[in-house]
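This is what each chain is made of:
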Amino acid sequence: MVAKTFFGLEEVLRKEVEEMGGKNIKVLNRAIEFEGDLALMYSANLKLRTALSIITPIHEFKATTPEELYERAVGIDWGRYLNLHQTFSVHAVVHSQYFNHSQYVALKVKDAIADHFRNKYNERPNVDKKDADIGIVLYVNSDSITVLLDTSGKALFQRGYKTQLTQAPMNEVLAAGIVLLSGWNKIDPFIDPMCGSGTLLVEAAMIASNFPPNMLRKRFGFQNFKNYDALLWKQIVDQATSQIKRELPPIYGSDICPDVIQIATENIQNAGFNKQIKLTVSDFRDYVPLHPSGVLITNPPYDERLKSDDINGLYSDLGTSFKNNYVGFHCWVFSGNLNALKKVALKPSQKIKLYNGSIEGSLNGFEMYEGSKKLVHE
Ligand SMILES: C[S@@+](CC[C@H](N)C(=O)[O-])C[C@H]1O[C@@H](n2cnc3c(N)ncnc32)[C@H](O)[C@@H]1O
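Residues numbered from 1 in each chain as written. Predicted model: local features only at pLDDT ≥ 70, side-chain atom pairs only at ≥ 80, totals over all residues.

K.L.:
Could you give me a rundown of the overall build of the protein, with the residues and numbers involved?
P.N.:
Helix and strand counts for the protein stand at 10 helices and 14 strands. Considered along the principal axes of its C-alpha atoms, the protein spans approximately 75 × 45 × 40 Å. Per-residue burial for the protein yields a buried fraction of 43% across its 378 residues. If you take every contact in the protein between residues at least 6 apart in sequence, the share linking residues at least 24 apart comes to 76%. (Helix = DSSP H or I, 4+ residues; strand = E, 2+ residues; numbered from the N terminus. Buried ≥ 20, exposed ≤ 12 C-beta atoms within 10 Å, placed from the backbone. Contact = placed C-beta atoms within 7 Å.)

K.L.:
So what about the site of the ligand? Which residues, and what values?
P.N.:
Not every one of the 20 residues close to the ligand is listed here, only the nearest: Met170, Met194, Gly196, Ser197 and Thr199. Residue classes in the shell around the ligand are distributed as 13 nonpolar, 5 polar and 2 charged. (Near = placed C-beta within 6 Å. Nonpolar A, V, L, I, M, F, W, Y, C, P; charged D, E, K, R; others polar.)

K.L.:
Any details on the pairing of strand S10 (residues 277-281)? Residues and values, ideally.
P.N.:
In the case of a regular strand, side chains alternate between the two sheet surfaces. Taken together, the 5 bridges between strand S9 (residues 251-255) and S10 define a ladder with parallel strand orientation. Looking at S10, one finds that Tyr252 is bridged to Lys278. Handedness of the crossover joining S9 and S10 through helix H8 (residues 258-271) is recorded here as right-handed. (Pairing = 2+ DSSP bridges. Right-handed = clockwise from strand over helix to strand, strands pointing away.)

K.L.:
Account for the sheet that holds strand S1 (residues 2-4), with residues named and values stated.
P.N.:
With respect to topology, 7 strands assemble into an open sheet ordered S2-S3-S1-S4-S7-S6-S5, the strand pairing being mixed. With partners counted over all chains shown, the strands left at the sheet margins are strand S2 (23-28) and strand S5 (88-95), one partner each. Averaged over neighbouring strand pairs, the angle between their axes works out to 25° when direction is ignored. (Axes fitted to C-alpha atoms, helices over the stretch in contact; angles between N-to-C directions.)

K.L.:
Give me the lowdown on the nonpolar core, citing residues and values where you can.
P.N.:
Ranked by internal contacts, the top residues of the largest apolar core, which has 105 residues, are Ala3 and Leu138. Leave out the neighbours within four places in its chain, and Ala3 touches Leu13, Val17, Ala31, Ile32, Ala44, Leu48, Ala51 and Ile54. (Core = buried A, V, L, I, M, F, W, Y, C linked by C-beta atoms within 7 Å.)

K.L.:
Explain the packing of helix H3 (residues 66-74) against helix H4 (residues 102-121) to me, using residue names and the numbers behind them.
P.N.:
At a closest axis distance of 8 Å, the pairing of H3 and H4 adopts a crossing angle of 40°. The two elements H3 and H4 meet at a crossing, and its hand is right-handed. Residues Pro66, Leu69, Tyr70, Ala73 and Val74 of H3 touch H4, and the partners they reach there are Val105, Lys108, Val109, Asp111, Ala112, Asp115 and His116. When grouped by side-chain class, the residues that make up the contact of H3 with H4 number 8 nonpolar, 1 polar and 3 charged. (Left-handed = near helix turned anticlockwise from the far one by under 90°.)

K.L.:
Pulling in residues and values, what's your account of the sheet that holds strand S11 (residues 294-298)?
P.N.:
On the basis of which strands lie adjacent, the open sheet formed by 7 strands has the order S10-S9-S8-S11-S12-S14-S13 and mixed pairing. Unpaired on one side and paired on the other, S10 and strand S13 (350-356) mark the two borders of the sheet. Recorded for the sheet is a direction-independent mean angle of 20° between the axes of neighbouring strands. Direction of pairing for S13 relative to strand S14 (residues 359-367): antiparallel, over a ladder of 7 bridges. By the bridge assignment, Gln350 is partnered in S14 with Gly365.

K.L.:
Which residues make up the domain arrangement of the protein, and what values do they have?
P.N.:
Per the domain assignment, the segments of the protein are domain 1 (2-150) and domain 2 (172-209 + 247-373). The C-alpha-based centres of domain 1 and domain 2 are spaced at 36 Å. Counting residues at the interface gives 9 residues for domain 1, matched by 11 residues for domain 2. Taken together, the residues of the side of domain 1 that touches domain 2 break down into 5 nonpolar, 3 polar and 1 charged. (Domains from an automatic or database assignment.)

Listed below in structure tokens is the structure:
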């Protein structure tokens, strides 16, 4: 199987796969390759916090021309993977001197699948580009073509709890990856003083309570597969449910905007953590933690999607707030605005390059201890 992720989260995902029992693990670019059985495929979809999707190879062949590609693809016994009444989609990733248009490659194979069925039954399954029952992925590397099935269906960051979006919400996979990268011990208090739609808070609560990130999802791609084993899936879900911890460390979120807190409240309620996560409306400058130590992780505006009047001033005030209010805390700031991030004006103890979609960002960690008040300017 191949689990795809964001740039910078490969090592976190490798660890997750290892802990779940994946074998022969290899780290690839924005992906992890591993081996495992059907049970592991189901568990991977349910439990991997930093995977965007999990795909599994079904065929490999060689081709150097579109005609050869079509001939090889039409010959695959597609009836093993989908039936006439299921919709399908084909997505291609191409690194090849023989093929240069991924959409053309996808189109050729889509035609081959349709013709394969038409030749046999005089009928063909329909394509659904957005929400297909069976997602087919092609990896073209030079003349070597790997055909894979998407076992996840919709991307795994679509956990099912975010029914309301704010202007600049964080991707769930990225948020989970950041919480895991921070090394939070799941015991100390956790704070996000610019919580937006509440993604970091919910992902932190899920991590601390062992709650599988995709427990609330209604559907996975593998449930449309011919070999879908509903009993095995139920056993995996039941076992994961029995390992959920009810007790959580204190988790706090706040945001300056009351409407945003309303949205966060709804999302947190959807995820079932409304009793455990405490929310307030506040400017981070006025927010003082109730605990003498803990972890703060936040994702301030970048000035990209969310305009801020004085973005440099905001980051500078964040540094001041850390110095004045968070001595004893490990503070982490993820931002796609690398210049503004410098205005925090504290020496980061960690700097991790990550991507939020196409935006390059950095996760900077600041250990706040008594001496930090004097420790300024990078
Ligand atoms: C990039 S968004 C955070 C996104 C969030 N991680 C999520 O998953 O939705 C930044 C948030 O900072 C909030 N914000 C801006 N200035 C603030 C301030 N002075 N104090 C507290 N929150 C602020 C905005 O209202 C916005 O919700």
